[in-house]
Amino acid sequence: MTKKVLMLAAKANMIQQFNHRNIKILQDLGYEVHVATNMVDFGSMSAEENERFKQWMNDNKVVAHQVDFERRMGSLKGNILSIKQLRQIFKMNDFAFIHVHSPLGSILGRLVAKQFKVPTIYTAHGFHFFKGGPKSGWLVFYPLEWAFSFITDTLITINDEDYELAKKHMHAKQTIKINGIGVDVAKAWHIRDEEKEVTRKNIRKELGIPNDAFVISSVGELSDRKNHKVVLEALKGIPPEQLQNVYYVIAGTGSNGDLLSELANSFNFEKNFRLLGYRSDIHSINYASDIFIFPSFQEGLGVAGLDATVDGIYLIGADKRGVRDYIQPGKNGELFSPTDFVQLRRQIINCQKKLNRYGKFSFLKNFDNEEIDIKMLAIYGGYNK
């Protein structure tokens, strides 16, 4: 009889963005993989991406189950419906274990798994409570994570701060740290500098940016949490004669586009500011940049900044968990307080004076996706009996 395992998250984007390789690992171990998620209200990806993901599951013989998880922590009525749907899935399938993601999905999934005596792996993609974070996170999410840790067999954290907190305060049978989903470090380091320079010139030409300009880039949703505003506030204080050859480009979509454009206009920077929208060529954008700024207030393990530093771009990152994990100040980048635009301004000015593009740093090998897959294989293998 074929062994079955369930991958569960409240929204489909969580599976699509973080679990393709995990699904393949499970299949290689001989499991029939089931996915339970909301593919109607699918989260932070485009409708086209959602359709591609559903097709990918179909092509790869993944059994998909629609569960009507609501947004955030859901309503009582909505959560009761989701539990009923999950219970029906569990009744129809004898799962060896389940792997849950996202706060709501992990809570409801673990609750039902407990009822059916099914072991649970939970990946915390960045706890919603953290040092310097809002009190609401500690008041709401900490008690929930603490309580449900008692019915968690394996808790996976993806950054140092969460790991230390989980080891000290949570009660899962085992707690393990992995470096997120990783990035393809080996592939990135096989790209020759000459190729990067050609791409650099082509992208700058496409964007109407001079070859000798100083280009700052960021990647991420245009939202308050991603905090791109602080970069413009830092640039606003640079003397106009120094600023005229500085460009700032952001790849991403979101509701703060107009706000950011208005801020750029307020100090006549609009001609040097580019909102690129969604881009599938982020590595090319990195090569076209002189520095990458990752000012986010909150990350689990921010892939955008990790991609940039692996691509060899000097990284100025927020001194927050999930960002500082892969920055060694003075080597591959610098850290700054994400509310301190004066500090950031000084760092930008210093970077204009001294640049070292395309550096490779051995500690980044720890974030290679092959290293992550080896750890996930070991975790899943512990249940493959």
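In short, a report on the structure. (Residues numbered from 1 in each chain as written. Predicted model: local features only at pLDDT ≥ 70, side-chain atom pairs only at ≥ 80, totals over all residues. Heavy atoms only, no water.)

### Topic: the sheet that holds strand E13 (residues 333–336)
Turning to step 1, where the next piece is worked out: Here 6 strands make up an open sheet; going across it, the order is E10-E9-E8-E11-E12-E13 and the pairing parallel. Edge positions in the sheet fall to strand E10 (273–277) and E13, since each has one partner strand and no second. Across the sheet, the axes of successive neighbouring strands diverge by a mean angle of 20°, strand direction being ignored.
Turning to step 2, where the next piece is worked out: The pairing of strand E11 (residues 291–294) with strand E12 (residues 314–318) spans 4 bridges and is classified as parallel. Across the sheet, residue Phe292 finds its bridge partner in E12, namely Leu315.
Turning to step 3, where the next piece is worked out: Sheet contacts for helix H15 (residues 341–353): strand E8 (214–219), strand E9 (246–251), E11, E12 and E13; angle to E13, the most-contacted strand, approximately 165°. (Pairing = 2+ DSSP bridges. Helix = DSSP H or I, 4+ residues; strand = E, 2+ residues; numbered from the N terminus. Axes fitted to C-alpha atoms, helices over the stretch in contact; angles between N-to-C directions. Contact = heavy atoms within 4.5 Å.)

### A word on the sheet that holds strand E1 (residues 3–11)
Turning to step 1, where the next piece is worked out: Ordered by their spatial adjacency, 7 strands build an open sheet running E3-E2-E1-E4-E5-E6-E7, and the pairing between neighbours is parallel. Of all the strands in the sheet, the pair left with one neighbour each is strand E3 (63–66) and strand E7 (174–177). Averaged over all adjacent pairs, the angle separating strand axes in this sheet is 20°, with direction ignored.
Turning to step 2, where the next piece is worked out: Its contacts with the sheet put helix H5 (residues 103–115) on E1, strand E4 (95–101) and strand E5 (120–124), and the angle it makes with E4 is roughly 155°.

### A short note on the packing of aromatic side chains
Turning to step 1, where the next piece is worked out: Counted by the stated rule, this structure contains 15 aromatic pairs.
Turning to step 2, where the next piece is worked out: An aromatic cluster of at least three residues, connected via ring pairs, comprises Tyr31, Phe97, Tyr380 and Tyr383.
Turning to step 3, where the next piece is worked out: Sitting above the plane of the Tyr122 ring, Arg110 keeps its charged end 4.1 Å from the centroid. (Phe/Tyr/Trp six-rings, centres within 6.5 Å; stacked < 30°, edge-to-face > 60°. Lys NZ or Arg CZ within 6 Å of the ring centre and 35° of its normal.)

### Focus: the environment of Val249
Turning to step 1, where the next piece is worked out: Locating Val249 in the fold gives a position in strand E9.
Turning to step 2, where the next piece is worked out: Taking the C-alpha atoms as reference points, Val249 and Pro338, 89 residues apart in sequence, are found 18 Å from one another.
Turning to step 3, where the next piece is worked out: The contacts of Val249, once residues within four sequence positions are left out, are Leu207, Ile209, Val215, Ile216, Ser217, Ser218, Arg274, Leu276 and Ile285.

### A few points about the side chain of Ser217
Turning to step 1, where the next piece is worked out: By secondary structure assignment, the location of Ser217 is in strand E8.
Turning to step 2, where the next piece is worked out: What makes Ser217 buried here is its relative accessible area of 0%.
Turning to step 3, where the next piece is worked out: Side chain to side chain, Ser217 and Ser289 meet in a polar contact 2.8 Å long.
Turning to step 4, where the next piece is worked out: Every residue in contact with Ser217, bar those within four places of it in the chain, is listed here: Tyr248, Val249, Ile285, Asn286, Ser289, Ile291, Phe292 and Ile293. (Buried < 20%, exposed > 50% of the residue type's maximum accessible area, 1.4 Å probe, protein only. Polar contact = N/O pair within 3.5 Å; in protein donor to acceptor, adjacent residues only side chain to side chain.)

### Let's talk about the packing of H5 against helix H6 (residues 135–149)
Turning to step 1, where the next piece is worked out: The geometry of H5 relative to H6 is characterised by a closest axis approach of 11 Å and an angle of 30° between their N-to-C directions. On the basis of their axis angle, the class for H5 and H6 is roughly parallel. Like other packed secondary-structure pairs, H5 and H6 cross with a definite hand, here left-handed. Packed against H5, whose contacting residues are Pro103, Ile107, Arg110 and Leu111, the element H6 presents Phe141, Leu144, Glu145, Phe148 and Ser149 at the interface.
Turning to step 2, where the next piece is worked out: Across the contact of H5 with H6, the residue classes break down as 6 nonpolar, 1 polar and 2 charged. (Parallel < 35°, antiparallel > 145°, perpendicular 65-115°, else oblique. Left-handed = near helix turned anticlockwise from the far one by under 90°. Nonpolar A, V, L, I, M, F, W, Y, C, P; charged D, E, K, R; others polar.)

### Considerations on the pairing of strand E2 (residues 31–38)
Turning to step 1, where the next piece is worked out: Burial within E2 is extensive, with 7 of its 8 residues counted as buried.
Turning to step 2, where the next piece is worked out: The pairing of E1 with E2 spans 7 bridges and is classified as parallel. Paired with Lys3 across the two strands is Tyr31, which belongs to E2.
Turning to step 3, where the next piece is worked out: With 4 bridges joining them, E2 and E3 adopt parallel strand pairing. Following the sheet pairing, Val35 is matched in E3 by Ala64.
Turning to step 4, where the next piece is worked out: After leaving E2, the chain enters helix H3 (residues 47–59) and then returns to the sheet as E3, a path that is right-handed. (Right-handed = clockwise from strand over helix to strand, strands pointing away.)

### A short note on helix H7 (residues 160–169)
Turning to step 1, where the next piece is worked out: Considered for burial, the residues of H7 that qualify are Glu161, Asp162, Leu165 and Ala166. Along the axis of H7, the buried positions cluster into a sector of 125°, meaning they face one direction only. Relative to its buried face, H7 has exposed residues pointing more than 90 degrees away, namely Glu164 and Lys168.
Turning to step 2, where the next piece is worked out: Packing partners of the buried residues in H7 comprise H6, strand E6 (154–157) and E7. (Arc of directions from axis to C-beta.)

### Re the packing of helix H10 (residues 229–236) against helix H12 (residues 257–265)
Turning to step 1, where the next piece is worked out: The contact between H10 and H12 brings their axes to 10 Å, and the two run at 5°. The orientation of H10 with respect to H12, classified from their angle, is roughly parallel. Counting all contacts with H10, which are made through Lys229, Leu232 and Glu233, the residues of H12 involved are Leu259, Leu260, Leu263 and Ala264.
Turning to step 2, where the next piece is worked out: Residue composition of the contact of H10 with H12, by class: 5 nonpolar, no polar and 2 charged.

### Regarding the pattern of salt bridges
Turning to step 1, where the next piece is worked out: Scanning the entire structure with this criterion turns up 18 salt bridges.
Turning to step 2, where the next piece is worked out: The partner of Lys11 in a salt bridge is Asp41, and the shortest N-O contact between them spans 3.1 Å. Here Lys11, found in strand E1, pairs with Asp41, found in the loop between E2 and H3; they are 30 residues apart in sequence, far enough to count as distant.
Turning to step 3, where the next piece is worked out: Judged by relative accessible area, Lys11 falls into the buried class, the value being 11%.
Turning to step 4, where the next piece is worked out: With its nearest N and O atoms 2.8 Å apart, the salt bridge here joins Arg321 to Asp162. Remark: Asp162 occurs in helix H7 and Arg321 occurs in the loop between E12 and E13; sequence separation between them is 159 residues. For the pair Arg321 and Asp162, a shared accessibility class is recorded, and that class is buried. (Salt bridge = Lys/Arg side-chain N within 4 Å of Asp/Glu carboxyl O.)

### Here's the deal with the environment of Gly330
Turning to step 1, where the next piece is worked out: As for its placement among the helices and strands, Gly330 is situated in the loop between E12 and E13.
Turning to step 2, where the next piece is worked out: Separated by 24 residues in sequence, Gly330 and Lys354 place their C-alpha atoms 12 Å apart.

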